[in-house]
Amino acid sequence: PADAAGVRVGDVVAMVNDRPIRDIIEWHHAVDESNVSLRLDRGGLMVDIDIEKEAGQSLGGSIASAVFDRVQTCDNHCSFCFIYQLPSGMRRSLSVKDDDYRLSFLYGNFTTLTRFTEADLERVVTERLGPLYVSIHATDPDLRTRLLRNRRGGTSLRWLSVILDAGIEVHGQIVVCPGVNDGAALDDTLLGILDRFPRLATVGVVPLGVSAHNREPEMRPHTRAEAASARVW
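A short tour of the structure in this document, coming up.

What counts and how
Residues numbered from 1 in each chain as written. Predicted model: local features only at pLDDT ≥ 70, side-chain atom pairs only at ≥ 80, totals over all residues. Heavy atoms only, no water. Helix = DSSP H or I, 4+ residues; strand = E, 2+ residues; numbered from the N terminus. Buried < 20%, exposed > 50% of the residue type's maximum accessible area, 1.4 Å probe, protein only. Contact = heavy atoms within 4.5 Å. Patch = residues over 30% accessible without salt bridge, like charges linked within 9 Å, V, L, I, M, F, W, Y side chains within 5 Å. Areas by Shrake-Rupley, 256 points an atom, 1.4 Å probe, with all protein chains shown as cover. Salt bridge = Lys/Arg side-chain N within 4 Å of Asp/Glu carboxyl O. Lys, Arg positive; Asp, Glu negative; His and termini not counted. Charge placed at Lys NZ, Arg CZ, Asp CG, Glu CD. Pairing = 2+ DSSP bridges. Axes fitted to C-alpha atoms, helices over the stretch in contact; angles between N-to-C directions. Phe/Tyr/Trp six-rings, centres within 6.5 Å; stacked < 30°, edge-to-face > 60°. Polar contact = N/O pair within 3.5 Å; in protein donor to acceptor, adjacent residues only side chain to side chain. 1 Å grid on protein atoms, 1.4 Å probe; cavity = no way out; pocket = protein on both sides within 12 Å on 5 of 7 lines; lining within 4 Å. Points joined across faces, edges and corners; volume = space filled by probe spheres on them. Nonpolar A, V, L, I, M, F, W, Y, C, P; charged D, E, K, R; others polar. Core = buried A, V, L, I, M, F, W, Y, C linked by side-chain atoms within 4.5 Å.

Turning to the overall build of the protein chain, a few remarks are in order. For the protein chain, the count of helices and strands is eight helices and six strands. Along the protein chain, helices (α) and strands (β) appear in the sequence α-β-α-β-β-α-α-β-α-α-β-α-β-α when read from the amino end. By its C-alpha atoms, the protein chain is 65 × 45 × 30 Å across when sized along the principal axes. Taking all 233 residues of the protein chain together, 39% fall into the buried category. Restricting to contacts in the protein chain with at least 6 residues of sequence separation, those with at least 24 account for 66%.

What follows is the structure, given as structure tokens:
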């Protein structure tokens, strides 16, 4: 239908049905209708195209990006972040740190919820955007703040409680860093999850990965004993 109506490769979508579209989630909702009105930017020239099709029929076009406004970037500075452990000279896209709930919903990316807002919560609940994937790492506020190197890390898990209470499916993750959030701290985190977030669908406990380019002296591989201790769970 898009091709028949005159949509061309390289057209930039400015509006759908007279409103701007923020991401591919809204795009799919909008173009699912039987009558779709597109405003396109074609090399600086604005072009309006009306498309008639069956409701639910594919428009026939592919979108180049999942997020049209901008990716919500991560403002944490986790010492275990894999992006900080990449060698120099890699392609730029590998260095993009996202903390965007939309990419969590679309691709299974993990979010810490430190940049989550009331508006984000309203959309997640209204549109039932689940499952989501949340990095927990620790339930103790001070330890989570230390791990994320972000003062909001100690409070952002409040969003997880509200999301779960709204019936949204969520999967959790704990990256275990030896000597930091393992041992008694890991016990405390898992017990905290049972107490505060019993509706979590799953919780993955994964070991810290350390590359040859790691520059954080506190981050090191697990010893055999440390790995065995964590494996008890």
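Having put the structure on the table, let's press on.
Together, Asp 140, Asp 142, Asp 187 and Asp 188 make up a negatively charged patch on the protein surface. Assignment of secondary structure puts Asp 187 in helix 7 (residues 183-196).

Here we have three strands laid out as an open sheet, ordered 1-2-3, and antiparallel in their pairing. Each edge of the open sheet is held by one strand with a lone partner, namely strand 1 (12-16) and strand 3 (45-52). Each adjacent strand pair in this sheet contributes to an overall mean axis angle of 30 degrees, direction not counted. With eight bridges connecting them, strand 2 (residues 35-42) and strand 3 associate as antiparallel partners. Within strand 3, the residue paired with Leu 40 across the bridge is Val 47. Sheet contacts for helix 2 (residues 24-31): strand 1 and strand 2; angle to strand 1, the most-contacted strand, approximately 60 degrees.

Before going further, it helps to spend a moment on the packing of aromatic side chains. Scanning all chains against the criterion turns up three aromatic pairs. Relative to Tyr 133, the ring of Phe 110 lies with its centre 5.8 Å away and its plane at 75 degrees, an arrangement referred to as edge-to-face. A residue pair is termed long-range when its members are at least 10 positions apart, and Phe 110 in the loop between helix 3 (101-107) and helix 4 (118-127) and Tyr 133 in strand 4 (residues 132-135) qualify at 23 residues. With centroids separated by 5.4 Å and ring planes inclined at 70 degrees, the aromatic side chains of Phe 116 and Trp 159 adopt a geometry described as edge-to-face. Highlighted residues: Phe 116 in the loop between helix 3 and helix 4 and Trp 159 in helix 6 (residues 158-165), separated in sequence by 43 residues. Per residue, the accessibility class of Phe 116 equals that of Trp 159, and both read buried.

Within the fold, Asp 11 resides in the loop between helix 1 (2-5) and strand 1. The class of Asp 11 is buried, set by a relative accessible area of 15%. Measuring from C-alpha to C-alpha, the distance between Asp 11 and Ile 63 comes to 10.0 Å, with 52 residues separating the pair along the chain. Not counting the four nearest positions on each side in its chain, Asp 11 is found in contact with Gly 6, Leu 40, Asp 41 and Arg 42. A polar side-chain atom of Asp 11 sits 2.8 Å from the main-chain amide nitrogen of Arg 8. Here the side chain of Asp 11 touches Arg 42 through a polar contact of 2.8 Å, side chain to side chain.

Time to look at the layout of surface pockets. Considered as a void within the structure, the largest pocket measures approximately 560 Å³ in volume. What lines the largest pocket is a set of 25 residues, and nearest its centre among them are Cys 81, Phe 82, Asp 98, Phe 110 and Ser 135. Taken together, the residues of the lining of the largest pocket sort by class into 12 nonpolar, 10 polar and three charged. Its volume calculated, the second largest pocket comes out at about 460 Å³. Lining the second largest pocket are 20 residues; nearest its centre among them are Arg 8, Asp 11, Val 13, Ser 62 and Ile 63. At the level of elements, helix 1, strand 1 and strand 2 are the ones that each hand at least two residues to the lining of the second largest pocket. Its residues placed into classes, the lining of the second largest pocket shows 12 nonpolar, five polar and three charged.

Further remarks concern the nonpolar core. Of all hydrophobic cores here, the largest spans 25 residues; its most connected members are Phe 116, Leu 160, Ile 163 and Leu 200. Elements supplying a minimum of two residues to this core: helix 4, strand 4, helix 6, strand 5 (170-176) and helix 7. The element that contributes the greatest number of residues to this core is helix 6, accounting for four residues. Not counting the four nearest positions on each side in its chain, Leu 200 is found in contact with Ile 136, Leu 160, Leu 164, Val 170, His 171, Gly 172 and Ile 193. Within the second largest apolar cluster, 17 residues are counted, among which are Ala 2, Val 47, Leu 59 and Ala 66.

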